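Fold and geometry: a report
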Amino acid sequence: MVRTRLVTVPGAAIPYPFGGKTREVQIDLDANAMQARGLGGQDVANALAAQNLITPIGTQKIGDFEYNLLLNNAPTISRR
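Please read all numbers here as calculations on a predicted model, not as lab measurements.

**Concerning the overall build of the chain**
Of the regular secondary structure elements, the chain holds three helices and two strands. Along the chain direction, N to C, the helices and strands of the chain fall in the order α-α-α-β-β. Buried residues in the chain amount to 1% of all 80 residues. Across the chain, the fraction of contacts at a sequence separation of at least 24, relative to all contacts at a separation of at least 6, is 0%. In the form shown here, the chain has an accessible surface area of approximately 8,400 Å², with 55% of it arising from carbon and sulfur atoms.

**Notes on the pairing of strand β2 (residues 65–68)**
In this sheet, β2 lies alongside strand β1 (residues 59–62) in antiparallel orientation, the contact comprising four bridges. Note that in β2 the partner of I62 across the bridge is F65. Hairpin connection of β1 to β2: two residues between the antiparallel strands, including G63 at a positive phi of 65°.

**Considerations on the environment of I27**
By the element assignment, I27 lies in the loop between α1 (2–6) and α2 (31–36). On a C-alpha basis, the gap between I27 and V44 in space is 9.7 Å, while along the polypeptide they are 17 residues apart.

**Some details on the packing of aromatic side chains**
Under the definition given, this model contains one aromatic pair. Here F65 and Y67 contribute two aromatic rings whose centre-to-centre distance is 6.3 Å and whose plane-to-plane angle is 35°, an arrangement assigned as tilted. Look at F65 and you get exposed, because its relative accessible area is 55%. Accessibility expressed as a relative area gives 41% for Y67, which makes it partly exposed.

**As for the confidence of the model for the chain**
Taken residue by residue, the chain gives an average pLDDT of 76. The fraction at 70 or more is 60%. Within the chain, α2 carries the highest mean pLDDT (94), whereas α1 carries the lowest (67).

Rules and cut-offs
- Residues numbered from 1 in each chain as written.
- Predicted model: local features only at pLDDT ≥ 70, side-chain atom pairs only at ≥ 80, totals over all residues.
- Heavy atoms only, no water.
- Helix = DSSP H or I, 4+ residues; strand = E, 2+ residues; numbered from the N terminus.
- Buried < 20%, exposed > 50% of the residue type's maximum accessible area, 1.4 Å probe, protein only.
- Contact = heavy atoms within 4.5 Å.
- Areas by Shrake-Rupley, 256 points an atom, 1.4 Å probe, with all protein chains shown as cover.
- Pairing = 2+ DSSP bridges.
- Phe/Tyr/Trp six-rings, centres within 6.5 Å; stacked < 30°, edge-to-face > 60°.
- pLDDT = per-residue confidence, 0-100.

See the structure below:
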């Protein structure tokens, strides 16, 4: 609610929505299976880093309509 009101104030800067808990992922690796495939822990870390992209999404206003933009790499439902 604050961000939308700040838009109308001339010269005001809109703050980015930072904060909250930092996301953390823990992965258990099978050392024997990795060794059989010639992989190490750093190989797994590199593969995860290459796939962990932050892609901006939002809305697009076209005429009188505002459309939500969705991407293939961003899930809409969180599964546990």
